[in-house]
Amino acid sequence: MKGAALAAGAYTATLLRALIGAAMIAPFWLVPMLRKGAGRWPERAVMKLHLERGIISAFMALSFFYALTKMPLAEAIAISFISPLIALYFARALLGEEIQPQAIYASIIGFIGAIVIIAGQFGRAEMSNDLILGLVSLIFSALLYAYNFIVIRRQSQVAGPVEVATFHSGVGGLVLLLFAPFLWTTPDLSAVGSISIASAFTVTGAMAIAWAYARAEAQALVPIEYSGFLWASVLGWLFFREQVTLTTLAGTALIIAGCWIATRKASEPAAEQAPL
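What you see is a predicted model; the values in this text were computed from it and never measured. (Residues numbered from 1 in each chain as written. Predicted model: local features only at pLDDT ≥ 70, side-chain atom pairs only at ≥ 80, totals over all residues. Heavy atoms only, no water.)

Asker: Hey, could you go over the environment of Ser83 for me, with residue numbers and the actual values?
Answerer: Looking at the secondary structure, you find Ser83 in helix α5 (residues 82–95). Looking at Ser83, the relative accessible area reads 0%, which means it is buried. Each C-alpha atom, one on Ser83 and one on Asn148, is 9.3 Å from the other, the two residues being 65 residues apart in sequence. (Helix = DSSP H or I, 4+ residues; strand = E, 2+ residues; numbered from the N terminus. Buried < 20%, exposed > 50% of the residue type's maximum accessible area, 1.4 Å probe, protein only.)

Asker: Give a detailed account of helix α8 (residues 161–177), specifying residues and quantitative values.
Answerer: Given a rise of 1.5 Å per residue, 17 residues ought to cover 24 Å, and the 24 Å separating the end C-alpha atoms of α8 matches this to within 8%. The buried count for α8 comes to twelve of 17 residues, which makes it a mostly enclosed element. Buried residues along α8 sit in contact with α2 (10–34), α3 (44–68), α7 (129–158), α9 (180–183) and α10 (189–213). (Expected span 1.5 Å × (residues − 1). Contact = heavy atoms within 4.5 Å.)

Asker: Account for the pattern of salt bridges, with residues named and values stated.
Answerer: Under the counting rule described, the total for this entry stands at one salt bridge. Between Asp130 and Lys70 there is a salt bridge whose closest N-O contact spans 3.6 Å. Taken together, the positions of Asp130 in helix α7 and Lys70 in the loop between α3 and α4 (73–79) put the pair 60 residues apart, joining distant regions of the chain. Assessed through its relative accessible area of 27%, Lys70 is described here as partly exposed. (Salt bridge = Lys/Arg side-chain N within 4 Å of Asp/Glu carboxyl O.)

Asker: Residue-level account of the environment of Ser233, with values.
Answerer: Along the chain, Ser233 falls in helix α12 (residues 228–240). Sequence spacing of Ser233 and Thr245 is twelve residues, and the spatial spacing of their C-alpha atoms is 9.9 Å. Not counting residues within four places of it along the chain, the set of residues in contact with Ser233 comprises Ala74, Val244 and Thr248.

Asker: Let's hear about the confidence of the model for the protein: which residues, and what values?
Answerer: Should pLDDT be low for a region, the predicted coordinates there are not to be read in detail. In this model, the protein carries a mean pLDDT of 81, and residues with pLDDT of at least 70 account for 88%. Every residue in residues 266–276 is under pLDDT 50, and counting partners more than four places away or in other chains gives two contacts. (pLDDT = per-residue confidence, 0-100.)

Asker: Tell me about the packing of aromatic side chains, residues and numbers included.
Answerer: Enumeration according to the criterion identifies six aromatic pairs in this entry. When the centroid spacing of 5.6 Å and the interplanar angle of 50 degrees are considered together, the rings of Trp29 and Trp41 count as tilted. Here Trp41 lies in the loop between α2 and α3 and Trp29 lies in helix α2, a separation of twelve residues in the sequence. Arranged with centres 5.7 Å apart and planes meeting at 65 degrees, the rings of Phe64 and Phe65 form a pair that is edge-to-face. (Phe/Tyr/Trp six-rings, centres within 6.5 Å; stacked < 30°, edge-to-face > 60°.)

Asker: How would you explain the environment of Ile25 if you had to name every residue and give the values?
Answerer: Inspection of the secondary structure assignment puts Ile25 in helix α2. Spatially, the C-alpha atom of Ile25 lies 6.8 Å from that of Val203, the residues being 178 residues apart in sequence. For Ile25, the residues in contact, after removing those within four places along its chain, are Val162, Ala165, Thr166, Val203 and Met207.

Asker: Requested: an account of the nonpolar core, with residues and values cited.
Answerer: In terms of nonpolar packing, the biggest core is built from 30 residues, with Phe64, Met71, Ile77, Leu138 and Phe229 touching the most fellow members. Breaking this core down by element, the ones donating at least two residues are α1 (2–8), α2, α3, α4, α6 (101–122), α7, α10 and α12. In terms of residue count, the dominant contributor to this core is α4 (six residues). Look past the residues within four positions of Ile77 in its chain and what remains in contact with it is Phe64, Gly228, Phe229 and Ala232. (Core = buried A, V, L, I, M, F, W, Y, C linked by side-chain atoms within 4.5 Å.)

Asker: Break down the packing of α3 against α8 for me, citing the residues and quoting the values.
Answerer: Close contact between α3 and α8 brings their axes to 7 Å; oriented N to C, the two are set at 55 degrees. In terms of orientation, α3 lies oblique with respect to α8. The chirality of how α3 crosses α8 is right-handed. Together, Val46, Met47, His50, Leu51, Arg53, Gly54, Ile55, Ser57, Ala58, Phe59 and Leu62 of α3 and Glu163, Val164, Phe167, His168, Val171, Gly172, Val175 and Leu176 of α8 make up the contact between the two elements. (Axes fitted to C-alpha atoms, helices over the stretch in contact; angles between N-to-C directions. Parallel < 35°, antiparallel > 145°, perpendicular 65-115°, else oblique. Left-handed = near helix turned anticlockwise from the far one by under 90°.)

Asker: I'd like a rundown of the side chain of Thr14, residues and numbers included.
Answerer: Locating Thr14 in the fold gives a position in helix α2. Take Thr14: its relative accessible area is 1%, and that puts it in the buried class. Contact partners of Thr14, with chain neighbours within four places excluded, come to Met1, Ala58, Ala61, Leu62, Phe65 and Leu176.

Asker: Could you give an account of the side chain of Arg53, naming the residues involved and the relevant values?
Answerer: Positionally, Arg53 belongs in helix α3. Looking at Arg53, the relative accessible area reads 3%, which means it is buried. Side chain to side chain, Arg53 and Gln155 meet in a polar contact 2.9 Å long. When neighbours within four sequence positions are excluded, Arg53 is seen to be in contact with Asn148, Val151, Ile152, Gln155, Val164 and His168. (Polar contact = N/O pair within 3.5 Å; in protein donor to acceptor, adjacent residues only side chain to side chain.)

Here it is, written out as structure tokens:
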């Protein structure tokens, strides 16, 4: 998506990603639904969640991919890690989840790791206008992403992964389509190919996230978001030759520690309560 956004613009890449993703997954939900007795159209309350998630995701993705055109991939992922930290407290306020101490410790450790990475990266560069725009976009995206966790948790309790993925891409695409007369630019074939691959990842990821949030509380899952930096570091270096510094490695070590604490502690009570 970073390559596609640089080539075709963040808006066009984000719009096509959503529309292509919806076209990929929609038949797997529509065909069974249209068969007699095999499915049904979502109820009003469920549809409200689909619409809410789709609208949030549209602007969340657009602002994030715009930020990717202004700054390195690993740095963008690192800064976005404020989302899980905020989401823990959203989960308490909006879902009534009791925040376990290990979830707080894990998120704080991971957040410190992200701060270490940011300090090391930004200490070597001037605060250009592009970097400031990227930061503002990322903070906006991160706030939406934090609330998005809460909507996912509610959504996954009342709808299956395929339905969730269908409306996630479909509603998001329709929302973004409203701005096409003002922001659309025609991409070349290579950009469309990259966007199509990203769409497949989006659909698969949306289903995986829905499956996970149907089975675990948000506070147990959101700290695992910090592991995303590992992949961002590797992919940023592989495709864009973005350097990985010693401070990046130090921060990553803290992130891994936070994930380990969250998964080890959170899984033990779940295992004790699992049905036979």
